[in-house]
Amino acid sequence: MASVARVADVTDRRSFLHGAAGSVASLALLPELARLGPRRLIEPKAVGLVGVGRQGRAIITELQKIEGARIVAVADTNPSRLASARERAPGSEGFADHRAMLERRRDLEAVVVATPTHLHRAIVEDVLSAGRHCFCEAPLAHTIEDARAIVAAAEASNRIFMAGYQARSNPVYQLARTFFKTASFRDFVSGRTHYHRKTSWRFPPPDGMSAEESNWRLDPELSLGLIGEIASHQLDVFHWFRETMPAEALGFGSIQLRKDGREVADSVQAIFRWADGTAVQSEATLANSYGGQREALHGTNAAFDLAWSHGWMFKELDAPTMGWEVYALRQQFHHDEGIIVIADATKLAELGQLKEGIGLPYSSLYYALADFLRSVSFPNVPVPCTARDGLASTVVGILGNQAIRSGTTVAIDPASWTD
């Protein structure tokens, strides 16, 4: 547990909480400074990237922030995107075929796969069979068969494999999970995922690419929709925290704004129910931006509001004091206000950076890639998200999308896809 500065005058704390009667105390979650970065590799690692679209470009940006990560090769079937990627990663060699990259760049130690979801399987299998470590963006695949094949390839290989469900590498979420496992949170009651963007999944194709290829997310035969492509990352938080998966999914979707001939819903809602009767509601839309991307977890002693770069814990006023709650920095949340608990608060205060310290200095993608390369450097250090972990959340996304498309309840039975 990280060190926190303790408030000397407990009476002030009681008076403050009494003034916020009817509220819950809000606690901002910030991990120790050492866990926030930057990350450095002991020895340089030669990294290749397959797929340099929007996510691939983001990966280039984040890899360049990791000291010792050398992007030596990039691969993409589209010449204009490939040329742009080489400009973003100076000194890298470009390949139109990932297999040629694997054959010719013998110095490659690790490869990141960031192609469209339905193309992952063949590329991952090629990377692993070529003896390279592999980071595969999530979800793993668009079908359960392909996702299982990726797991089989990863487990048959002696290479490091990591699935790209990024919350598991996020220091805020790691800290929240430590509280989740204690009496500070206690019993899980319910949860919610929220993803709101005012945007479109229809993009103009780059030169040399068809509109169909560029907009694969709008093809119902290839896309897992908002639940599979986006919310599966958020649902993975619940699988990771609870160490269990839901038993069934019910959902529905509609096209509310993007009435441009698409078949994939731009607004969806789903309910994922666990065997113990608890449930998580999942909402996602491309038609409204309010609230952004976040997850809420409700327990009998506290609740979490997790928003990727930030996180808060709302402690119930009748919950027992655990002894770490009392660093008195206030924060307003609509009608509620409370004290804030910040890990390493004493050190931040000494540096005059207490308020600036609330929030992550890097993205979740940065921490995930850094964790992957750390495991490449130290094979005995496990990756945060294994192939099996990735399979579970990928399948929940696939079946959740099926529930939305069919408007029926779909059973989620791990026995149907695990050995």
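These lines cover the structure that appears in this document, whether it is placed above or below. (Residues numbered from 1 in each chain as written. Predicted model: local features only at pLDDT ≥ 70, side-chain atom pairs only at ≥ 80, totals over all residues. Heavy atoms only, no water.)

Notes on the overall build of the protein
Stage number 1. Tallying secondary structure elements over the protein gives 12 helices and 17 strands in all.
Stage number 2. Taking contacts inside the protein between residues at least 6 apart in sequence as the whole, the part at least 24 apart equals 72%.
Stage number 3. Surface accessibility of the protein: about 18100 Å² in total, with carbon and sulfur atoms responsible for 49%. (Helix = DSSP H or I, 4+ residues; strand = E, 2+ residues; numbered from the N terminus. Contact = heavy atoms within 4.5 Å. Areas by Shrake-Rupley, 256 points an atom, 1.4 Å probe, with all protein chains shown as cover.)

Here we look at the environment of Glu137
Stage number 1. Relative to the elements of secondary structure, Glu137 occurs in strand β6 (residues 133–137).
Stage number 2. Residue Glu137 is classed as buried on the basis of its relative accessible area, which comes to 6%.
Stage number 3. When the C-alpha atoms of Glu137 and Gln166 are compared, they prove to be 9.2 Å apart, with 29 residues separating the residues in sequence.
Stage number 4. Apart from residues no more than four positions distant in its own chain, Glu137 is found in contact with Gln55, Ile59, Val113, Ala114, His120, Gly164, Gln166 and Leu365.
Stage number 5. Among the polar contacts listed, one links the side chain of Glu137 to the side chain of Gln55, at a separation of 2.8 Å. (Buried < 20%, exposed > 50% of the residue type's maximum accessible area, 1.4 Å probe, protein only. Polar contact = N/O pair within 3.5 Å; in protein donor to acceptor, adjacent residues only side chain to side chain.)

Focus on the sheet that holds strand β2 (residues 40–50)
Strand pairing in a sheet takes place through backbone hydrogen bonds and is either antiparallel or parallel in direction.
Stage number 1. What the 6 strands build is an open sheet, ordered β4-β3-β2-β5-β6-β7; its pairing is parallel. In this open sheet, the two strands that pair with only one neighbour each are β4 (93–95) and β7 (161–164). Direction aside, the axes of adjacent strands within the sheet are offset by 25 degrees on average.
Stage number 2. Pairing of β2 with strand β3 (residues 67–75), which is carried by 7 bridges, proceeds in the parallel orientation. Each bridged residue has a counterpart across the sheet, and for Val47 the counterpart in β3 is Ile71.
Stage number 3. Its contacts with the sheet place helix α5 (residues 120–129) against β2, β5 (110–113), β6 and β7, and it is angled at close to 165 degrees to β6. (Pairing = 2+ DSSP bridges. Axes fitted to C-alpha atoms, helices over the stretch in contact; angles between N-to-C directions.)

Looking at the packing of aromatic side chains
Stage number 1. Following the criterion strictly, the structure yields 11 aromatic pairs and no others.
Stage number 2. For the ring pair Tyr362 and Tyr367, a centre distance of 6.1 Å and an interplane angle of 85 degrees mean the geometry is edge-to-face.
Stage number 3. Using a relative accessible area of 0% as the deciding quantity, one classes Tyr367 as buried.
Stage number 4. An aromatic cluster of three or more residues is present, and its members are Phe180, Phe185, Phe188, Phe238, Trp240, Phe241 and Phe304. (Phe/Tyr/Trp six-rings, centres within 6.5 Å; stacked < 30°, edge-to-face > 60°.)

Some points on the pairing of β3
Stage number 1. Most of β3 is tucked away: 7 of the 9 residues are buried.
Stage number 2. With helix α2 (residues 54–63) bridging β2 and the parallel β3, this β-α-β connection has right-handed handedness.
Stage number 3. Bridge count for β3 against β4 is 3 bridges, and the pairing is parallel. Bridging from a neighbouring strand, Ala75 pairs with Phe95 of β4. (Right-handed = clockwise from strand over helix to strand, strands pointing away.)

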